[in-house]
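Secondary and tertiary structure notes
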Amino acid sequence: MVTPEQRALADAAAAAAPPPTIGAVWRALDEVPDPEIPAVSVLGLGIVRSVAWEADAPPTLVVKVTPTYSGCPATELIMASIRDALTALGVTRLRLETRLAPAWTTAWITPDARRRLREFGIAPPETACGAAAASTPAPVDVSGISPLRRSGVVVPCPRCGSRRTRLLSQFGSTACKAQYRCDDCLEPFDYFKAH
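The sections below set out a description of the structure shown in this document. Keep in mind the model is a prediction, meaning the values are calculated, not measured. Position numbers for residues start from 1 in each chain and track the written sequence from start to end. Only residues with pLDDT of at least 70 get local features here, since the model is predicted, and only at 80 or more are side-chain atom pairs given and counted; chain-wide, interface and lining totals rely on the full set of residues. With hydrogens and water stripped out, all remaining heavy atoms of the structure feed into the side-chain values.

Focus on the sheet that holds strand β6 (residues 177-182)
An order of β4-β7-β6-β5 is seen for the four strands of this open sheet, with the pairing classed as mixed. Because the sheet does not close on itself, it has two edges, and the strands there are β4 (122-123) and β5 (165-169). Strands are treated as partners if at least two bridges between them are detected by DSSP. For the purposes of this entry, the term helix denotes a DSSP run of H or I that reaches at least four residues, the term strand denotes a run of E that reaches at least two, and both are numbered from the N terminus. As paired elements, β5 and β6 share four bridges and run antiparallel to each other. Looking across to β6, one finds that Thr-165 is bridged to Cys-182.

Brief notes about the nonpolar core
Ranked by size, the top nonpolar core spans 31 residues in total, and within it Leu-29, Val-48, Leu-61, Val-63, Ile-82, Leu-86 and Phe-192 carry the most contacts. Counting residues per element, the ones that place at least two in this core are α2 (22-29), β1 (48-54), β2 (60-65), α3 (75-89), β3 (94-98) and α4 (111-120). Of all the elements, α3 adds the most residues to this core, at four residues. The contact definition used throughout considers only heavy atoms, calling two residues in contact when any of these lie within 4.5 Å. In this structure, Val-63 is in contact with Val-48, Ser-50, Val-51, Leu-86, Leu-94, Arg-95, Leu-96 and Glu-97, ignoring residues within four places of it in sequence. Residues grouped as a nonpolar core are buried Ala, Val, Leu, Ile, Met, Phe, Trp, Tyr and Cys residues, joined through side-chain atoms within 4.5 Å. Three labels apply to residues, based on accessible area from a 1.4 Å probe with only protein chains included: buried if under 20% of the type maximum, exposed if over 50%, partly exposed otherwise in between. Counting residues in each nonpolar core, the second largest holds nine residues, with Ala-178, Cys-182, Phe-189 and Tyr-191 among its members.

Overview of the packing of α2 against α3
Think of each axis as a best-fit line through the C-alpha atoms, taken over the contacting stretch in the case of a helix, with angles from 0 to 180 degrees between the N-to-C directions. Between α2 and α3, the shortest axis-to-axis distance is 9 Å and the interhelical angle comes to 135 degrees. In terms of their interaxial angle, α2 and α3 are classed as oblique. The two elements α2 and α3 cross, and the hand of that crossing is right-handed. Across the interface between the two elements, Ala-24, Val-25, Ala-28 and Leu-29 of α2 pack against Ile-82, Ala-85, Leu-86 and Leu-89 of α3. Gly counts as polar in this scheme, as do all residues outside two lists: the nonpolar Ala, Val, Leu, Ile, Met, Phe, Trp, Tyr, Cys and Pro, and the charged Asp, Glu, Lys and Arg. Of the residues assigned to the contact of α2 with α3, the class counts are eight nonpolar, no polar and no charged. Note on angle classes: values under 35 degrees are labelled roughly parallel, values over 145 roughly antiparallel, values of 65 to 115 roughly perpendicular, and the remainder oblique. Two helices crossing with the near one rotated counterclockwise from the far one by less than a right angle form a left-handed crossing, whereas a clockwise rotation gives a right-handed crossing.

See below:
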């Protein structure tokens with residue numbers, strides 16, 4: 001809890017120092033790892049939707065975040081990590097807003113984050129044609145996420161690149177991932193389910 005006196009001191013300090021630039025804010029956010037997949041940042045996952053300064057006196061930074069899904073258990077930790085990173089940058093007035101619409105989609109994951117997922121041993125989401133999504137992905141085929149809606153989507157092994165893989169479980173280490181196994185290198189791996 002912040003007392004009125006502490007708020008007044010913080011406001012006086014903020015008025016004396018210029019606020020961080022939007023570029024500095026984006027760079028700080030790019031260093032905030034996803035708590036469930038630390039190889040990628042919250043920016044790489046595409047969950048930070050916008051950053052803007054409101055012209056208050058002193059100015060307030062508004063960061064809009066769309067969680068990967070509304071029940072994501074890491075949402076509060078992500079928000080706290082964003083707050084900590086921006087406070088360390090020198091942001092004294094911050095408002096974090098959760099935006100559920102439009103709903104997050106795996107199409108928002110950046111190409112660099114897809115590469116990092118693969119290097120971390122997690123197969124990135126696939127597009128409808130079975131190829132890794134590009135910067136402008138094709139519509140996502142979600143038929144493979146349910147045993148009742150199987151499709152011909154092939155999930156390449158992130159370790160050896162083999163396309164001879166099979167689904168072991170609809171859920172991997174987290175609800176947003178499925179567990180697969182490679183029939184060539186015999187390694188299990190998570191697949192970040194497309195949605």
